[in-house]
Amino acid sequence: MFVRKKCVAMILAGGQGSRLGALTKYRAKPAVPYGGKYKIIDFPLSNCIHSGLDTVGVLTQYEPLELNSYIGTGAPWDLDNITGGAFVLPPYMKYERGEWYSGTANAIYQNIYFIDRYQPEYLLVLSGDHIYKMDYNEMIDFHEENGADATIAVIEVPLEEASRFGIMHTDEKMHIVDFEEKPKNPKGNLASMGVYLFSWEKLKKYLICEDQQKSADDFGHDIIPGMLAKGDNLFAFPFQGYWKDVGTVESLWEANMELLSEHPALDLFDSGWRIFSRNPNKPPHFVADGARVKNSIVSEGCYIYGKVENSILFPGVVVEKNATVRDSIVMQETRIMEKSKVIKSILDEEVVIEKNCVIGGKEDITVVGTFVTIKEGTVLPPGKKVNPKDQTSTQVCGGVV
């Protein structure tokens, strides 16, 4: 028996994140590490539980293993209750046929049966690859007050970046009168955050088309324009706060570096709105006599014998004597050996930097993928990208690359 829910949340977490390059070769974008101990998926999951939404479907597709194992039963986010919980929902073979998710709306369409079990009044559709804190109850209240069929969370972005987003045009009451999906020449800068709230019965009619129950593929290309064309009641919910789409290496690096400012826009130390994650259960970090750590986030299980400055270190990182890490992100279980320098770089999980290497510089961001060993004396110039290897083989780079 399933308990009826006012609102069910569905997190779209199957994205490849190809612009992140080496960092998403073997993981989906929502599984990318962030901030020293988190993954991007932690933010929508934490927002849901803080907002009292205890039934969450997580739709996976591209490289799902790491994300699936990370979410598990949903216990770190208190999403393992008997009347709801976190449910990983990959594409699956049905009686008639099986198919991949062909778009954001199609992914919801293929899981109509899951949603209908809870008979929700509303469906909240979230992107799994954005960093932000948001109380979804405020959006639900706004939706109800306006008698909306759909409400889309929006945020103002610089006009020069607006072509990356769906752009909303509204009247003074935030009623949506026009919509542009990633326009080449945007006429406004009110960008969709990828947070949609629908009255479920209304949305279901659009998902189930008359043409042999063929689904519309995408919210931005199909559902939203279709609802506007038919005169449905669509509103934009203005969001005031930190929101970051970390879709590129540069934006991911910037989002991490912003945490190191004296008063970061995203406060991870806010006890009133904690971001929950799966704890690695490691001992406290250790800083040796003679080591130097300045303006950095150092996670549990790290051993610091060298110099770390303006950097973020994930659990289990080792920085050996006379090694230097500056302006960099170093992910879990990576080792930087003696007399090596890592500058303005992102090192993925379980990387080994052998002795006397120089990784990166002051210009473009250097990226080293997971399970890569950089041989002694190697120089990787700024902007160099080294692709990862799978766990069955370790890539070894050497020389001046």
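Above: the structure in question.
Rules behind the numbers
- Residues numbered from 1 in each chain as written.
- Predicted model: local features only at pLDDT ≥ 70, side-chain atom pairs only at ≥ 80, totals over all residues.
- Heavy atoms only, no water.
- Pairing = 2+ DSSP bridges.
- Helix = DSSP H or I, 4+ residues; strand = E, 2+ residues; numbered from the N terminus.
- 1 Å grid on protein atoms, 1.4 Å probe; cavity = no way out; pocket = protein on both sides within 12 Å on 5 of 7 lines; lining within 4 Å.
- Points joined across faces, edges and corners; volume = space filled by probe spheres on them.
- Nonpolar A, V, L, I, M, F, W, Y, C, P; charged D, E, K, R; others polar.

**A look at the sheet that holds strand β22 (residues 329-330)**
The strands that make up a sheet pair up through hydrogen bonds in the backbone, lying either parallel or antiparallel. Judged by pairing direction, the sheet is parallel, and its 6 strands sit side by side in the order β16-β19-β22-β25-β28-β31 without closing on themselves. Edge positions in the sheet fall to β16 (297-298) and β31 (385-386), since each of these pairs with one other strand and no more. Two elements, β16 and strand β19 (residues 312-313), share 2 bridges in a ladder whose sense is parallel. Paired with V298 across the strands is L313, a residue of β19.

**Re the layout of surface pockets**
Of the voids in this model, the largest pocket is the one considered here, and its volume is about 1000 Å³. Considering the residues around the largest pocket, the lining is formed by 35 residues, among which T104, S127, D129, H130 and K182 are closest to the centre. Looking at the lining of the largest pocket element by element, the count peaks at 4 residues for strand β11 (residues 190-199). Split into classes, the residues belonging to the lining of the largest pocket amount to 10 nonpolar, 17 polar and 8 charged. Taken as a whole, the second largest pocket encloses approximately 710 Å³ of empty space. In terms of lining, the second largest pocket is formed by 31 residues, of which the most central are R27, K39, E66, S69 and E349. For the lining of the second largest pocket, the secondary-structure elements that each account for two or more residues are β3 (38-39) and α2 (65-71).

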